[in-house]
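The chain contents come next:
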Amino acid sequence: MPSAWLSLLFRLLAAALGGLVAGGLFGAVAGVSVACGVLLLMLVAHTASLARLQRWLRTPEQRDIPDAWGTWGNVFVELHRLLRRERKARARIESDLEVFSQAAEASPDGLVFLDAADHIVWCNRVAEQHLGLRGERDAGLLVTNLIRLPGFAEFVASASEGESLMYRPPDSKGRVVSIEAIRFGKDRKLLISFDVTQIERAETVRRDFVANVSHELRTPLTVISGFIEHMLENPVPDAGDSKRQLAIMDEQARRMLNLVDDLLTLSRLEDEAQAPREEEFDVRDLIYDVSAEGRRLSAGRHSITCEVVPVFLKGSREELRSAFSNLVSNAVRYTPDGGRILLHWGMRDGKGVFSVEDSGIGIPEEHMPRLTERFYRVDRGRSRESGGTGLGLSIVKHILLRHQAGLEIASIPGAGSTFSAVFPAWRVTLPQG
Ligand code: ADP
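Here the structure is a predicted model, which means the values were calculated and not measured.

Novice: Explain the site of the ligand to me, please; I cannot follow it from the model alone.
Specialist: The full set close to the ligand counts 22 residues, and Arg-333, Tyr-334, Ser-383, Gly-390 and Leu-393 are the nearest of them. Contacts to the ligand include Gly-390, whose backbone N or O atom sits 2.8 Å from an oxygen atom. At the level of secondary structure, the elements contributing two or more residues to the shell around the ligand comprise helix H11 (317-333), helix H13 (392-402) and strand E12 (416-423). When residues of the shell around the ligand are assigned to their parent elements, the largest contribution, 3 residues, is made by H11. In terms of residue class, the shell around the ligand is built from 10 nonpolar, 8 polar and 4 charged.

Next comes the structure, spelled out in structure tokens:
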């Protein structure tokens, strides 16, 4: 039997016993009076406790649970326990909510929570940046009124899986954001935004690259196919003519071969998974080799000299040979006959510096920042005439990047240029002894 009933039974028995004793001693009237008095006292005590409970229930947060004895005391203790459990549960929910909103805030993607009618409930800071929203200001507003984009209202309404919309927020300096809409819970929606500016840019670069390569290959192919057509129409050509035509075809075919070779080199270099095969070697030997190559290309039209110090370099000899030889070949090709070219290898502030200085045509200032872009040329005609592919400096830049080295370019139009590869100190060593 629950203790409340036991206690009531006990008190009723006490009242009856009191009444019986008083009745036995002082007569029936006294007995009934004592029993009624005890019952009255019980009623008053209960009513007082009930009043205290009522008072406390009005503002349970502000007051301590009232004290009482007997059954009411037990009730108050149980209430106290219940309240403590409820406070703990609420604190846990609040802390879970806090962790959840911190996690949503830390997300690298933008998150916008919508209610069943597509009003904004909450959004994180990334969504504010991506979509031009303001969490506090825009909460409760219809998202389709805030993001102005053709088809956006239908997109949010259908919230189809796998569908996304590209958004270029106004005044965001070319930022491109991809938005996805996901349904969750009961008619709730979540908008997720990703910054895809870099991906879009890479896609543009890829498209330009394909267009450039096609264009570069198209010219020599047109020349060759024109001559072949001509030869087919004139099966017995003049011997002199045909020699001249074959020479042109040979030159165009070489041009394509050079281009394909450079493209393959670039694609190998861009494969970051393949680190350069490193060794420590005497740079002087490499410089003598590339200067000899330069002299062959120049065929006596330039004076090519070397100034070197006995400092070793740690890196891929094969890749650096390709980079240095590109710089020397450019110096020869962009320096008029009779000019000077100096290859220099030395130390500057502990760093290793290889430079190629020429007295050539030079480069106007405005072209400097773009020289290492693929297919960028100051003078397209001159580059082509001298057998250039427009990829040389791009290859040089990649090779130097793989060696944590920088490319410095200094030039005065009409007076000459100096291209310097600057290697970090940890890559250079003075030979022992
Ligand atoms: P290219 O095959 O056209 O030489 P590069 O990538 O090697 O391609 O060079 C890009 C452009 O930089 C060249 O077309 C040329 O205009 C300019 N350039 C490179 N080296 C020199 C130099 N030593 N002197 C003058 N211009 C240069």
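Novice: Looking at this structure, I do not really get helix H3 (residues 70-106). What am I missing?
Specialist: Taking 1.5 Å of rise per residue, 37 residues should cover 54 Å, and H3 covers 54 Å from first to last C-alpha, within 8% of that figure. When H3 is considered as a whole, its buried residues turn out to be Thr-71, Trp-72, Gly-73, Phe-76, Leu-83 and Ala-104.

Novice: Help me out: how do you make sense of the domain arrangement of the protein chain in this one?
Specialist: Note on interface size: it is often stated as the accessible area lost on association of the parts. Split by domain assignment, the protein chain resolves into domain 1 (2-101), domain 2 (107-195), domain 3 (199-271) and domain 4 (279-429). Using C-alpha coordinates to define each centre, domain 1 is positioned 56 Å away from domain 2.

Novice: What should I look at first to understand the confidence of the model for the protein chain in this one?
Specialist: Any residue range with low pLDDT should be treated as having predicted coordinates unsuitable for detailed reading. On average, residues of the protein chain score 90 in pLDDT, and 99% of them are at 70 or above. Summarising per-element confidence for the protein chain, the mean pLDDT is lowest in helix H12 (residues 380-385) (84) and highest in E12 (98).

Novice: Would you mind going over the side chain of Ser-411 with me for this structure?
Specialist: Inspection of the secondary structure assignment puts Ser-411 in strand E11 (residues 406-412). Here Ile-363 takes part through its backbone nitrogen, which lies 2.8 Å from a polar atom of the side chain of Ser-411. From its side chain, Ser-411 meets the backbone oxygen of Gly-416 in a polar contact 3.2 Å long. Those residues within four positions of Ser-411 in sequence are excluded, and the remaining contacts are Gly-362, Ile-363, Met-368, Gly-416 and Ser-417.

Novice: Looking at this structure, I do not really get the packing of helix H1 (residues 3-26) against H3. What am I missing?
Specialist: Any two packed helices are characterised by the angle at which their axes cross and by the distance between the axes. Where H1 contacts H3, the axes come no closer than 9 Å and their chain directions differ by 165°. Classed by the angle they form, the pair H1 and H3 counts as roughly antiparallel. Between H1 and H3 lies a crossing whose hand is left-handed. For the pair H1 and H3, contact is made by Ser-3, Ala-4, Ser-7 and Arg-11 and by Gly-70, Thr-71 and Asn-74, respectively. A class-by-class count of the residues in the contact of H1 with H3 yields 1 nonpolar, 5 polar and 1 charged.

Novice: Got a minute to help me understand H13 in this structure?
Specialist: At 3.6 residues per turn, the α-helix brings residues three or four places apart onto the same side. Most of H13 is tucked away, with 9 of its 11 residues classed as buried. Structurally, H13 contributes buried residues whose contacts are with helix H9 (239-270), H11, E11 and E12. Gln-404, located one to two residues past H13, shows a positive phi value of around 55°.

Novice: Looking at this structure, how should I read the sheet that holds strand E13 (residues 428-429)?
Specialist: Sheet strands line up and pair through hydrogen bonds in the backbone, either parallel or antiparallel. The 3 strands lie next to each other as E6-E8-E13, forming an open sheet whose pairing is antiparallel. Sheet topology places strand E6 (279-282) and E13 at the edges, where each strand pairs with a single neighbour. Note that strand E8 (residues 312-315) and E13 share 2 bridges and pair antiparallel. Of the residues in E13, the one forming a bridge with Leu-313 is Val-428. Its contacts with the sheet place helix H10 (residues 283-298) against E6 and E8, and it is angled at close to 65° to E6.

Novice: What is the right way to read the nonpolar core from this model?
Specialist: When a protein is soluble and globular, its nonpolar side chains tend to lie buried together. Core analysis: the largest hydrophobic core is formed by 41 residues, its most contacted members being Leu-320, Phe-324, Leu-343, Trp-345 and Phe-423. Of all elements in the fold, only H9, H10, H11, strand E9 (340-348), strand E10 (351-358), H13 and E12 reach the threshold of two or more residues within this core. In terms of residue count, H11 provides more of this core than any other element does, 7 residues in total. Both of domain 3 (199-271) and domain 4 (279-429) provide at least three residues apiece to this core. Setting aside anything within four residues of it in sequence, one finds Trp-345 in contact with Val-283, Ile-287, Glu-307, Val-308, Val-309, Val-311, Leu-313, Gly-352, Val-353, Phe-354, Phe-423 and Val-428. Counting 20 residues, the second-largest nonpolar core is a separate cluster that includes Val-112, Ile-120, Leu-131 and Ile-179.

Novice: It is not clear to me how the sheet that holds strand E3 (residues 164-167) should be interpreted in this structure. Could you clarify?
Specialist: Here 5 strands make up an open sheet; going across it, the order is E2-E1-E5-E4-E3 and the pairing antiparallel. Edge positions in the open sheet fall to strand E2 (120-123) and E3, since each of these has one partner strand only. Taken pair by pair, the neighbouring strands of this sheet meet at an average axis angle of 25°, ignoring direction.

Novice: Explanation requested: the pairing of E8 in the structure shown.
Specialist: Along any regular strand, the residues point their side chains to alternate faces of the sheet. Only one face of E8 is covered, namely the face carrying Leu-313 and Gly-315; the face carrying Phe-312 and Lys-314 is uncovered. Here 4 bridges tie E6 to E8, and the two strands are oriented antiparallel to one another. Within the sheet, the bridge partner assigned to Glu-280 lies in E8 and is Lys-314.

Novice: What am I meant to see in unusual backbone geometry here?
Specialist: With the exception of glycine, most residues fall at negative phi, and the peptide bonds are largely trans. Of note in this structure, Phe-375 is not a glycine but carries a positive phi near 70°. Looking at the element boundaries, Phe-375 is found in the loop between E10 and H12. Residue Phe-375 is classed as buried on the basis of its relative accessible area of 3%. In this model, Gln-404 sits at a positive phi of 55°, which is unusual for a non-glycine residue. Here Gln-404 is to be found in the loop between H13 and E11. Look at Gln-404 and you get partly exposed, because its relative accessible area is 45%.

Criteria and thresholds
Residues numbered from 1 in each chain as written. Predicted model: local features only at pLDDT ≥ 70, side-chain atom pairs only at ≥ 80, totals over all residues. Heavy atoms only, no water. Near = heavy atom within 4 Å. Polar contact = N/O pair within 3.5 Å; in protein donor to acceptor, adjacent residues only side chain to side chain. Helix = DSSP H or I, 4+ residues; strand = E, 2+ residues; numbered from the N terminus. Nonpolar A, V, L, I, M, F, W, Y, C, P; charged D, E, K, R; others polar. Expected span 1.5 Å × (residues − 1). Buried < 20%, exposed > 50% of the residue type's maximum accessible area, 1.4 Å probe, protein only. Domains from an automatic or database assignment. pLDDT = per-residue confidence, 0-100. Contact = heavy atoms within 4.5 Å. Axes fitted to C-alpha atoms, helices over the stretch in contact; angles between N-to-C directions. Parallel < 35°, antiparallel > 145°, perpendicular 65-115°, else oblique. Left-handed = near helix turned anticlockwise from the far one by under 90°. Pairing = 2+ DSSP bridges. Core = buried A, V, L, I, M, F, W, Y, C linked by side-chain atoms within 4.5 Å.

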